[in-house]
Amino acid sequence: MPVLDSTTIVLLLWAVLGYLCGSVPFGLIITRAMGLVDPRTIGSGNIGATNVLRTGSKAAGAATLILDAVKGAVAVVAARLAAGEDAAQVAALFAFIGHCYPVWLRFRGGKGVATFLGVLLGLVWPVGLLTCATWIAAVVMTRVSSVGALTAAAVSTIWMFLIAQFDTVLVGIVMTMLLYWRHRQNLARLRAGTEPKIGQKP
């Protein structure tokens, strides 16, 4: 973590604002706007881009991916401009938590991949770009969404060390651990050899 220059009240404020920003359920908003099936009723039942793709609309999946990433980056950049680096990291963590556990949906959100990438782009853009590249490479090689997500999350910490962004390591590790927890069912299927490839039904 960076040096904590902001007051506790300021950090709490950005924790709340970050959470609210991250909790916007774009997957649900987009599918409703496009007249598609509710993503919570199909596939894995979450509102993330991979499950939205299972509605049959590539456009909806892409829009969800982009907007879920953007909301993470926006929370980070806004906090940094308003209050500094410590607030940015607090906003980053709580935007990620907000996406995974949105109060509006009884704390049943997405698995956090796109928001994780967006948050990293906002915190340290070179780390974010390298993590995005890792995610894309892993998905292209395996055609398994969860493998891309888990690989990118694990390698993101290595990128932080290599680029000497030590201040972001702690928040990065916390988000990675939470992302792995959100993918615990995927990990079980990967071990069993039953994890579906992109385009297949789970």
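Residues numbered from 1 in each chain as written. Predicted model: local features only at pLDDT ≥ 70, side-chain atom pairs only at ≥ 80, totals over all residues. Heavy atoms only, no water.

**Student:** I tried to follow the packing of aromatic side chains on my own but got confused; where do I start?
**Tutor:** By convention here, two paired aromatic rings are described through the distance between centres and the angle between planes. For the coordinates displayed, the defined rule picks out two aromatic pairs. For the pair Phe 96 and Phe 116, a centre-to-centre distance of 6.0 Å together with 65 degrees between the ring planes defines the contact as edge-to-face. Of this pair, Phe 96 sits in helix 5 (residues 85-100) while Phe 116 sits in helix 6 (residues 113-123), placing them 20 residues apart in sequence. Phe 116 matches Phe 96 in its accessibility class, with the two residues each being buried. With a centroid separation of 5.8 Å and an interplanar angle of 55 degrees, the aromatic rings of Phe 161 and Phe 166 are classed as tilted. The partly exposed category is assigned to Phe 161, whose relative accessible area is 46%. Just above the ring of Trp 181 sits the side chain of Arg 184; from NZ or CZ to the centre is 4.0 Å. (Phe/Tyr/Trp six-rings, centres within 6.5 Å; stacked < 30°, edge-to-face > 60°. Helix = DSSP H or I, 4+ residues; strand = E, 2+ residues; numbered from the N terminus. Buried < 20%, exposed > 50% of the residue type's maximum accessible area, 1.4 Å probe, protein only. Lys NZ or Arg CZ within 6 Å of the ring centre and 35° of its normal.)

**Student:** Whenever I open this one, the nonpolar core confuses me. Can you help?
**Tutor:** The tendency in soluble globular proteins is for nonpolar side chains to be buried as a group. Among the nonpolar cores identified, the biggest contains 27 residues, and Phe 96, Phe 116, Leu 123, Met 175 and Leu 179 are the most heavily contacted of them. Those elements that provide at least two residues to this core are helix 5, helix 6, helix 7 (125-142), helix 8 (145-162) and helix 9 (169-182). Tallying contributions element by element places helix 6 first for this core, with six residues. Leaving out residues up to four positions away in the same chain, Leu 123 has contacts with Val 76, Arg 80, Glu 85, Ala 88, Gln 89, Ala 92 and Val 171. (Core = buried A, V, L, I, M, F, W, Y, C linked by side-chain atoms within 4.5 Å. Contact = heavy atoms within 4.5 Å.)

**Student:** Help me out: how do you make sense of a nonpolar patch on the surface in this one?
**Tutor:** Residues Leu 13, Val 16, Leu 17, Leu 20, Val 103, Trp 104 and Phe 107 make up a contiguous nonpolar surface patch of about 650 Å² in total accessible area. Tracing the sequence through the fold places Leu 17 in helix 1 (residues 8-22). The class for Leu 17 is partly exposed, based on a relative accessible area of 37%. (Patch = residues over 30% accessible without salt bridge, like charges linked within 9 Å, V, L, I, M, F, W, Y side chains within 5 Å. Areas by Shrake-Rupley, 256 points an atom, 1.4 Å probe, with all protein chains shown as cover. Salt bridge = Lys/Arg side-chain N within 4 Å of Asp/Glu carboxyl O.)

**Student:** Whenever I open this one, the packing of helix 6 against helix 9 confuses me. Can you help?
**Tutor:** The relative placement of two packed helices is expressed as an angle between their axes plus a distance between the axes. For the pair helix 6 and helix 9, the least separation of the axes is 11 Å and the interaxial angle reads 175 degrees. Judged by the inter-axis angle, helix 6 sits roughly antiparallel to helix 9. Across the interface between the two elements, Val 113, Phe 116, Val 119, Leu 120 and Leu 123 from helix 6 touch Val 171, Gly 172, Met 175, Thr 176 and Leu 179 from helix 9. Taken together, the residues of the contact of helix 6 with helix 9 sort by class into eight nonpolar, two polar and no charged. (Axes fitted to C-alpha atoms, helices over the stretch in contact; angles between N-to-C directions. Parallel < 35°, antiparallel > 145°, perpendicular 65-115°, else oblique. Nonpolar A, V, L, I, M, F, W, Y, C, P; charged D, E, K, R; others polar.)

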